[in-house]
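# Coordinate inspection notes
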Amino acid sequence: MNQDDLFKKVIAHAKEYGFIFPSSEIYDGLSAVYDYGQNGVELKKNLRDYWWKAMVQMHENIVGLDAAIFMHPTTWKASGHVDAFNDPLIDNKDSKKRYRADVLIEDYAEKQRQKAEKEIEKAKKRFGEDFDEALYRETNPRVKKYLDEASDTVKRMATSLDAGDLADVKSLIEEKGIACPISGSKNWTEVRQFNLMFGTQMGSVAEGASTLYLRPETAQGIFVNFLNVQKTGRMKIPFGIAQTGKAFRNEIVARQFIFRMREFEQMEMQYFVRPGEEMKWYEYWKEERMNWHRALGMDESYYRFHDHAKLAHYANAAADIEFNFPFGFKELEGIHSRTDFDLKAHEEHSGKKLQFFDPELGQNYVPYVIETSIGLDRLFLAVLSYAYREESLEDGSSRTVLRIPAPLAPVKAAILPLVKKAGLPEISREILNELRYDFNIQYDEKDAIGKRYRRHDAIGTPYCITVDHETKEDNCVTLRDRDSMTQERVPIQNLKAKLSESLSLSSLLKK
Ligand code: GAP
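Model, not experiment: these values are computed from the prediction.

Moving on, we come to the side chain of Glu268. Considering the arrangement of structural elements, one finds Glu268 in strand 10 (residues 263-273). Here Glu268 occupies a buried position and makes no salt bridge, while the nearest side chain of opposite charge, Arg338, is found at 5.4 Å. One polar contact links Glu268 to Thr218, side chain to side chain, over a distance of 2.6 Å. Apart from the residues within four sequence positions on either side, Glu268 is in contact with Trp51, Glu217, Thr218, Ala219, Ile222, Ile241, Ala242, Gln243, Glu371, Thr372 and Ser373.

Turning our eyes to something else, we now look at the domain arrangement of the protein. Splitting the protein by domain gives domain 1 (1-77 + 211-392), domain 2 (86-194) and domain 3 (402-509). Averaged C-alpha coordinates put domain 2 and domain 3 at centres separated by 51 Å.

Attention now goes to the pattern of salt bridges. One pass over the full model with this rule turns up 49 salt bridges. A salt bridge links Glu119 to Arg142; its shortest N-O distance comes to 3.6 Å. Linking Glu119 in helix 5 (residues 101-127) with Arg142 in helix 7 (residues 141-162), this pair joins segments that are 23 residues apart in sequence. A residue is classified by how much of its surface remains accessible, and Glu119, at 11% relative accessible area, is buried. Judged by its relative accessible area of 47%, Arg142 is partly exposed. Put simply, Lys280 and Glu277 hold a salt bridge, and the shortest N to O gap is 3.9 Å. What you see here is one network of salt bridges that share partners, running through Glu391, Arg399, Arg403, Arg454, Asp457, Arg480, Arg482 and Asp483.

Take the nonpolar core next. Formed by 63 residues in total, the largest nonpolar core has its most connected members in Phe19, Tyr50, Trp285, Leu296, Leu379, Phe380 and Leu408. Counting residues per element, this core draws most heavily on helix 13 (residues 376-387), at nine residues. Inspection of this core shows a minimum of three residues originating in each of domain 1 (1-77 + 211-392) and domain 3 (402-509). What Phe380 contacts, discounting residues up to four positions off in sequence, is Phe19, Ile20, Tyr36, Gly40, Leu43, Lys44, Leu47 and Ile258. The next biggest cluster of nonpolar side chains, apart from the first, holds 20 residues, and it includes Ile415, Ile427, Tyr443 and Val467.

Residues Ile69, Phe70 and Met202 make up a contiguous nonpolar surface patch of roughly 270 Å² in combined accessible area. A relative accessible area of 45% places Met202 in the partly exposed class.

Turning our eyes to something else, we now look at the layout of surface pockets. Approximately 290 Å³ is the volume found for the second largest pocket. Per-element tally for the lining of the second largest pocket: the top contributor is helix 2 (residues 38-57), with four residues. Partitioning the lining of the second largest pocket into residue classes produces five nonpolar, four polar and five charged. In terms of domain composition, the lining of the second largest pocket takes at least three residues from each of domain 1 (1-77 + 211-392) and domain 3 (402-509).

On the basis of which strands lie adjacent, the open sheet formed by three strands has the order 5-4-6 and antiparallel pairing. The open sheet has two free edges, formed respectively by strand 5 (98-100) and strand 6 (192-195), since each of these has just one partner strand. Looking at each pair of strands side by side, their axes are set apart by 45 degrees on average, direction ignored. Bridge analysis of strand 4 (residues 86-91) against strand 5 gives three bridges, and the strand direction is antiparallel.

Here we come to the sheet that holds strand 10. Taken in spatial order, the seven strands make up an open sheet running 3-9-10-16-13-12-11, and their pairing is mixed. The outermost strands of the open sheet, each flanked by one partner alone, are strand 3 (62-65) and strand 11 (303-307). Averaged over neighbouring strand pairs, the angle between their axes works out to 25 degrees when direction is ignored. In the sheet, strand 12 (residues 317-325) pairs with strand 13 (residues 328-339) via nine bridges, with the strands oriented antiparallel. Counted as the bridge partner of Phe323 is Lys330 from strand 13.

Close to the ligand lie 22 residues; Glu217, Glu251, Met261, Glu268 and Glu331 are nearest. Interatomic distance of 2.8 Å between a backbone N/O atom of Met261 and a nitrogen atom of the ligand. With the chains in place, 94% of the 550 Å² that the ligand exposes on its own is no longer accessible. Elements with a minimum of two residues in the shell around the ligand: strand 10, strand 13 and strand 16 (368-375). Counting residues per element, the shell around the ligand draws most heavily on strand 13, which supplies six residues.

Definitions and limits used
Residues numbered from 1 in each chain as written. Predicted model: local features only at pLDDT ≥ 70, side-chain atom pairs only at ≥ 80, totals over all residues. Heavy atoms only, no water. Helix = DSSP H or I, 4+ residues; strand = E, 2+ residues; numbered from the N terminus. Buried < 20%, exposed > 50% of the residue type's maximum accessible area, 1.4 Å probe, protein only. Lys, Arg positive; Asp, Glu negative; His and termini not counted. Salt bridge = Lys/Arg side-chain N within 4 Å of Asp/Glu carboxyl O. Polar contact = N/O pair within 3.5 Å; in protein donor to acceptor, adjacent residues only side chain to side chain. Contact = heavy atoms within 4.5 Å. Domains from an automatic or database assignment. Core = buried A, V, L, I, M, F, W, Y, C linked by side-chain atoms within 4.5 Å. Patch = residues over 30% accessible without salt bridge, like charges linked within 9 Å, V, L, I, M, F, W, Y side chains within 5 Å. Areas by Shrake-Rupley, 256 points an atom, 1.4 Å probe, with all protein chains shown as cover. 1 Å grid on protein atoms, 1.4 Å probe; cavity = no way out; pocket = protein on both sides within 12 Å on 5 of 7 lines; lining within 4 Å. Points joined across faces, edges and corners; volume = space filled by probe spheres on them. Nonpolar A, V, L, I, M, F, W, Y, C, P; charged D, E, K, R; others polar. Pairing = 2+ DSSP bridges. Axes fitted to C-alpha atoms, helices over the stretch in contact; angles between N-to-C directions. Near = heavy atom within 4 Å.

As structure tokens, then:
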């Protein structure tokens, strides 16, 4: 299946099986806003729990927070978002389509890198085992030309954006001959800055109302509570504060389903460290976060690091963990070394000291911060698109299955009486009532057993428990495994222990 087809199928499947619906669909939807259905909400909650447990429960020095979405408007002046949270946008005059200028240029650079990779692949085939890839990358003129072109282009863009030189960003687009992907034309407008924050009013009448912003990141709720948490929790540096919650951005180019949304959920952790030690912790969290992703069991080749050429206004180092989505490698999570930018800015704007007295050093300082920030919706899309499989079976039939990691599956097991009579539904409900305290279990008696298996494969249910006539004699049920489709007889009294082994989040956390 090609990647375009896969993506279309994942979107259709997500809707058909109650994972994701377009927002307010009866009114034709709202661009880049989505609702999570009955199965989606469970998967999303499990992903959030996995993150929360790994970050908060598994670290003695990290605690949680749930700050409000509305914050004092000065927060966003201090954080730099009012002045600098902009995307450079450009319109194509022929197609009337709007683009992020930096994305057009990044896409161009990525194409150059892909050309280099193609050359390398060809050479690999030609030279076989003797092939020295590192040497070839450094010395082959054609490969070097493509790679230099990619990095020079991105560097120039970063310099121009940092200097606010939007005319040069446009010149770069023109010089590189970048065309509109829709119209193929190079008839561009000037590049302009566009602030991504949504504004709203607090107060009943226009005169007395003050302008607020819907938070574009959850991080600022953590910074403004730094001292509250540090003092009340008697936290010693290094320590972290973690938070999950909604964020809002008026994205210019909002496409690719739940990859780029206007309302989305972030899971962020700010780790407060001694000034001068930030690079050590930056490397530590890059590694930790990659390990967290790897524990999900998705193929390692689906992940890579991407170091930022253009740093956000608050960072002195930044890297993305990119995931191979159906539309290619894109940012899934960001790890940023934010220096003391935010706490210092809030000190200046609020007039309150946001410092830590370090007893070992015998001095006060504004801590430096390492941030890990992942979009829950993007993580959802990564897991869903990786899990989606269409499989041909030995008997000539086929099935669509979601191979979601078992502890994250929306429904953990389905209880299926073989028939709707002869006391089998009653036994099934007894099992349901026993297991539902520990797992999200569904009871399903409609349709033939094969059809019910398919239904549960399609939503990723790891186990089906079938109650048949023999159950009445031997007190055993048939346990069917989603992935291998193997079946085994299991005594009812052993079911809970058996399911716990593979369904509990601790199996992921221990990896
Ligand atoms: N506090 C830092 C921060 O917000 P970011 O790189 O702008 O950094 C962090 O965002 C993460 O939030 C991204 O890696 C991505 O997973 C997610 N994210 C950002 N914008 C998003 C959007 N429009 N839709 C969905 N997820 C988004």
